[in-house]
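Coordinates in review
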Amino acid sequence: MKRKDLLRVCLQNLTRRKSRTFLTVLGVLIGCCSIVIMVSLGIGMKEAQDKTLAEMGDLTIITVSAPQGGRGKVKLDDALLRRLKGIPGIAAFTPKRSLEVESISLVAGTGRRYIADWTSVVGVDTGALEQMGYHLTEGTLPKHDNEVLVGQYLAYSFKDTLRPEGHNMIDRWAGNFDDNGKPIDPPPPFFDPLKGPMTMEIETQNGKITLPITPVGAVKEDYSKGSETSEGIMLNMADLRKLMEKTQGGRKKATAYDSVMVKVKSIDQVESVERELKTMGYATESMESIRRPMEKEARQKQLMLGGLGAISLFVAALGITNTMIMSISERTREIGVMKSLGCYVTDIRIMFLSEAGAIGLIGGLIGCVISFVASVVINLVSLGPSVEHLLPAILGGEEVTRVSVIPPWLLLFAIVFSVFIGLGSGYYPANKAVRIPALEAIKTE
Amino acid sequence: MNGSDPRSRPIIEVKDLRKEYPIGDETVVALKRINLNVSRGEICCIFGTSGSGKSTLLNQLAGMEKPTRGEVRIGGVPISRLSENQLAAFRQRHLGFVFQSYNLLPNLTATENVALPLMFRGVPKAQREAAARKLLTRVGLAHRLDHFPRQMSGGQQQRVGIARAFIARPDVVFADEPTGNLDSKTTVEIMNMICTFARDFHQTIILVTHDPEMAAYAHRIVTLIDGEIVRNEINQKERSPHEA
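Everything numeric in this text was worked out from a predicted model, so none of it was measured.

Core analysis: the largest hydrophobic core is formed by 121 residues, its most contacted members being Val36 of chain A together with Cys45, Ile46, Ile206 and Leu207 of chain B. Looking at this core element by element, the count peaks at 12 residues for helix 2 (residues 18–56) of chain A. Membership of the second largest hydrophobic core comes to 42 residues, among which are Ile61, Phe158, Val219 and Leu235 of chain A.

Turning our eyes to something else, we now look at the interface of chain B and chain A. Tallying the contact residues gives 21 residues for chain B and 20 residues for chain A. Elements supplying a minimum of two residues to the side of chain B that touches chain A: helix 2 (84–94) and helix 3 (110–120) of chain B. Among the elements that take part in the side of chain B that touches chain A, helix 2 of chain B stands out by supplying 5 residues, more than any other. Here the residues of the side of chain B that touches chain A are counted per class, giving 9 nonpolar, 8 polar and 4 charged.

Before going further, it helps to examine the pairing of strand 8 (residues 204–209) of chain B. On any regular strand, side chains alternate: one points to one face of the sheet, the next to the other face. All names here are of chain B. With respect to burial, strand 8 is a largely interior element, 6 of its 6 residues being buried. Of the two faces of strand 8, both are covered, the one formed by Thr204, Ile206 and Val208 as well as the one formed by Ile205, Leu207 and Thr209. When strand 3 (residues 43–47) meets strand 8, the two strands line up parallel, connected through 5 bridges. Bridge pairing in strand 8 places Phe47 opposite Thr209. Assessed by its sense of winding, the connection that carries the chain from strand 7 (residues 172–176) through helix 6 (residues 184–200) to strand 8 is right-handed.

Glancing now at unusual backbone geometry. All names here are of chain B. A positive phi angle, close to 45°, is found at Asp16, a residue other than glycine. Topologically, Asp16 is positioned in strand 1 (residues 12–23). Notably, Glu177 is not glycine yet its phi reads approximately 45°, a positive angle. Assignment of secondary structure puts Glu177 in the loop between strand 7 and helix 6.

Okay, helix 3 of chain B next. Count 3.6 residues to each turn of an α-helix, and residues three or four apart come out pointing the same way. Among the 11 residues of helix 3 of chain B, 11 are classified as buried, and the element is accordingly described as predominantly covered. Listed in full, the buried residues belonging to helix 3 of chain B are Ala110, Thr111, Glu112, Asn113, Val114, Ala115, Leu116, Pro117, Leu118, Met119 and Phe120 of chain B. Looking at the packing, one finds that the buried side of helix 3 of chain B touches helix 1 (3–16) of chain A together with helix 2, helix 4 (125–138) and helix 5 (154–166) of chain B. Gly122 of chain B occupies a position one or two residues after helix 3 of chain B and carries a positive phi of about 90°.

Residue and element names in this part refer to chain B. With 14 residues, helix 4 ought to run about 20 Å at 1.5 Å a step, and its terminal C-alpha atoms sit 20 Å apart, in line with that. Taken as a whole, helix 4 has its buried residues at Arg128, Ala132, Leu135 and Leu136. Here the buried residues of helix 4 occupy an arc of 100° about the axis, which is enough to place them on one side. Among the exposed residues of helix 4, those pointing more than 90 degrees away from its buried face are Ala126 and Gln127. Elements in contact with the buried residues of helix 4: helix 3 and helix 5. Just downstream of helix 4 lies Gly140, where phi reads positive at about 80°.

Conventions used here
Residues numbered from 1 in each chain as written. Chains lettered and ligands numbered in written order. Predicted model: local features only at pLDDT ≥ 70, side-chain atom pairs only at ≥ 80, totals over all residues. Core = buried A, V, L, I, M, F, W, Y, C linked by C-beta atoms within 7 Å. Buried ≥ 20, exposed ≤ 12 C-beta atoms within 10 Å, placed from the backbone. Helix = DSSP H or I, 4+ residues; strand = E, 2+ residues; numbered from the N terminus. Contact = placed C-beta atoms within 7 Å. Nonpolar A, V, L, I, M, F, W, Y, C, P; charged D, E, K, R; others polar. Pairing = 2+ DSSP bridges. Right-handed = clockwise from strand over helix to strand, strands pointing away. Expected span 1.5 Å × (residues − 1). Arc of directions from axis to C-beta.

Honestly, it's all geometry; don't read function into it.
Below is the structure:
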């Protein structure tokens, strides 16, 4: 038989018992919808969780430090940096060293108007920062000696000496907070550190050292990269070395760096890179220890939701099998007639399988359309029903968290799965049909 | 084929055919030992009362069931030894059926029903339905081409059934009590039609019946009693198709 004819016969058979076909399709449709919507809720949960985690810090950063009490061969030095270049999965890295002094202050403004009594000063490889995933809220990366980056909220460390004591500092935490405990609308600080030069004043046993610095950029706060991104100063490692020589009077420390920060190419490689660093003898730290269990939990929830949906699709599969068996027992004589007129067994099998598959396909397609609409409605309800929310409800975005997320693969999967359920549940009835002998045509009732 | 002219060889050859059915612990012998030859172009009537084994013989001849012993050859092909797929292909090319209860597919129109055997052979829709319409016109149903079986009378349905049996120009057409459900006037019409087709296309008809009236149309009358051929005779006073 020609493929076109098989298709025509299949459609004819589906339309001759319209209400039965409709009900069977309805079953598949409900099953498909419940899978898609359940999984989309799971994905929505996961997406919201990822957003929360990403706000806590960069998930692909590993901080490498020397093992505790380890004074042996495992050192954080330039030899390690050379070895890191050879590890696959590492996108960038920077050594870190913080300035250890007893007292440090920053002075800025005309006539020493703005003074910060304390700050952390960290040396990094400023050339690697962009690749490391440091985001600048303003300005540029340092290019010249003594150009520095400041943390996003360094300005709040300064007091305005022209104002009375007790009212000369701004509390960054005075405003409102969002769900993640971050200030939404911090009051504006007294001055902008990027507006002019600053002087760093350090007290040492050998006297006071002053260093003029030029802030050229502000770094977005990211705790996974260290607290200096919030209220500290980052300068080039070479500048820091010079500064340390002055403060320590030539004494050298045993280790070259405090820590090394490694940026891994993708989130999936964090675990393996971290393991490799550990086997090299280093202590490591990353968001992985938080992310893993959260991800595991999210996956379990997704599986549970998807499983609930799948149950209803399996029930629908029973419906298809039932419908097919019914229709075959009604058509026993017809099948006998077809066989006696020379219809191939394979064609009969294809006829019934395609009928079952078509029920799955139609149910899957309509189910996907309905679940898509349902998902948009759910999102609109949670975002607030208005026209400008329509697009974010469908596509999502940086600033919205959707309750229900339907990625294209989910729709594709649902359709393919429905068709397979159809074919699977048609398998047994089709075999039954194939075994009906041509003799059935001759039997008289 | 033994070097002989295939035209002179019988189209149907039955050799030592035996068919048993197990019923419970006992075995019922439906056909004892049948030997039968039917020549090409012959109208052969298998005549017998119910339980005589005539239906079983038809099933054997048409390859619907496997024999217990012996074999059936149609055009030299041992159909009792063909696989299911070979049998389907053989039926498409060489066999046609007319059923007592017409057995038209209820959801197909008259044209589609007649075109069915050609569809199984993979003939394109336009071509096979043109052939079907032509044949339906010949059986006098030009005004019923797009009617469904339920919209037609028994006689009309059987005419569709005959058109379906002959559309693929088979070598042998099996007719199982083709007029069993029809009144006497229609019976004559139907029988004339079958005989005319058979003569025009030089086709062999195997007509199974319990009605002695029908046997009158045949060239050869084979009478079965209890699974045995008791008489195999050439019909001397054969009725011509146009006599009625």
